[in-house]
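Per-entry structural report
Residues per chain, in single letters:
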Amino acid sequence: MKQIFVYLQVILFILLFAIQLSGQQSQAKPGPATVGTLPGVKGARFPTLSPDGSMITFSFRGDIWVMPASGGRAKRLTIHKGYDVISRFSPDGTTIAFSSNRGYGWDVYTVPVSGGTPKQITFHSLVDMMGNWAPDGQSLLLVSTRSLSYNIWQFDLKGGTPKQLTTLGALDGVMSEDGRYLVYSFGTVSYTHLRAHE
C-alpha cells in the first residue's frame, strides 16, 4: 500500500512538472541577457555560494544567474528556452557547471562566471544532472540515470568514460578534499520532478 502511495506521488510530481514546464516553454523569455536588480524575486532556486563566499549562483525563471553574496545586481549567465538549474561554482570560482534540458534531454554544461557561451559537457540519452565538482576541479560528480536509476558518476572534464561511484541509488554527492571519500544521500528522487509550485 505504501508503494502505491509513493508511485502516486511520483506521478503527481511528473504531471505538475510537465504542466509547469509546458507553461514556461510557451512564454517568451524576456529580452537579451542583461545585468540588473531582481526586485521581489520569487522562485529563485538552487542557490550556491562560491568557494570564497563572495558570490551566489542560482536558477531563476529557467536561467542561471550570479550576484554578490552581499546583495546588489544580479547578472544572467544563460538565456535559453530550455530550463537551466542546479548551478555549482568550480573550486577556483571561475566556472559554473549546471544542468539543462536545452538539448534532447538533461545534460550538464559549463559557463564562465564572467559570462559567455555555455559549453555542453555531457551527451547522453538518459538523465545527467549536476551534482558537485570534485575538489581538484578536474571532474564533475553527476547524478545520472546511466545505470537506469539515479546514481553518482564521476565525469573527467578532459573526456573519457565516466566512472560509476554508487550502485544502489544516490544523490547529492560530495567528495572529500583528498578524493578518498564520497558522502551522499542514499536513495533516489527525480531531480526533474522536484518543483511543484511557483
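Sequence order sets the numbering: in each chain, residues are counted from 1 along the sequence as written. Note on the predicted model: pLDDT of at least 70 is required for a residue's local features to be given, and 80 or more for side-chain atom pairs to be given and counted; whole-chain, interface and lining totals, by contrast, use all residues. Only heavy atoms go into the side-chain values, all of them from the structure, while hydrogens and water stay out.

Let's talk about the sheet that holds strand β12 (residues 151–156)
Pairing between two strands is assigned when DSSP locates at least 2 bridges connecting them. Only runs of H or I of at least four residues qualify as helices and only runs of E of at least two qualify as strands under DSSP, and these elements are numbered from the N terminus. Reading across the sheet, the 4 strands line up as β10-β11-β12-β13 and stay open at both edges, with antiparallel pairing between neighbours. Strand pairing shows two members of the sheet lacking a second neighbour, β10 (128–133) and β13 (163–164), which therefore form its edges. Taken together, the 6 bridges between strand β11 (residues 139–144) and β12 define a ladder with antiparallel strand orientation. Counterpart to Leu141 in the pairing with β12 is Gln154.

Comments concerning the side chain of Ser100
Position of Ser100 among the secondary structure elements: in strand β7 (residues 95–100). Take Ser100: its relative accessible area is 0%, and that puts it in the buried class. Two N or O atoms count as a polar contact when they lie within 3.5 Å, although within protein this holds only if one can serve as hydrogen donor and the other as acceptor, and sequence-adjacent residues are included solely when both atoms are side-chain atoms. Here the side chain of Ser100 touches Asp84 through a polar contact of 2.5 Å, side chain to side chain. At 3.1 Å, the side chain of Ser100 and the backbone nitrogen of Arg102 are in polar contact. Residue contacts follow a heavy-atom distance rule, with two residues in contact if any of their heavy atoms lie within 4.5 Å. Setting aside anything within four residues of it in sequence, one finds Ser100 in contact with Tyr83, Asp84, Gly105, Trp106, Asp107 and Tyr109. Note on exposure labels: buried denotes an accessible area under 20% of the residue type's maximum, exposed denotes more than 50%, and partly exposed covers the range between, all computed with a 1.4 Å probe on protein chains only.

Some words on the pairing of strand β15 (residues 182–186)
As a general feature of sheets, a regular strand has side chains that alternate between the two faces. Pairing geometry for strand β14 (residues 170–175) and β15, over 4 bridges, is antiparallel. Of the residues in β15, the one forming a bridge with Met175 is Leu182. Where β14 folds back onto β15 in an antiparallel hairpin, the turn is made up of 6 residues, including Gly179, whose phi is positive at roughly 75°.

Some remarks on the sheet that holds strand β9 (residues 119–120)
Spatially, the 4 strands line up as an open sheet ordered β6-β7-β8-β9, and their pairing is antiparallel. The open sheet terminates on both sides in strands that have one partner only, identified here as β6 (84–89) and β9. Of the pairings in the sheet, the one linking β6 to β7 comprises 4 bridges and is antiparallel in character. Bridge pairing links Arg88 to Ala97 in β7.

Focus on the nonpolar core
Val85, Met129, Met130 and Leu140 are the most contacted members of the largest nonpolar core, which has 18 residues in total. Looking at this core, the elements that each hand over two or more residues are β6, β10 and β11. When near neighbours in sequence (up to four residues on either side) are disregarded, Met130 contacts Ile86, Arg88, Ala97, Phe98, Ser99, Val108, Leu140, Leu141 and Leu142. Residues belong to a common nonpolar core when they are buried Ala, Val, Leu, Ile, Met, Phe, Trp, Tyr or Cys residues joined through side-chain atoms within 4.5 Å. With 9 residues, the next largest nonpolar core counts Ile64, Phe98, Tyr109 and Val113 among its residues.

Here's the deal with the confidence of the model for the protein chain
It should be kept in mind that the predicted coordinates are not to be read in detail where pLDDT is low. Residues with a pLDDT of 70 or more make up 74% of the protein chain, whose mean pLDDT is 79. This model gives residues 4–19 a pLDDT under 50, and the stretch forms 8 contacts once residues within four places in sequence are excluded. Note: pLDDT gives the predictor's confidence per residue, expressed from 0 to 100. Of the regions scoring below 50 in pLDDT, residues 191–198 engages in 22 contacts with residues more than four places distant in sequence or in other chains.

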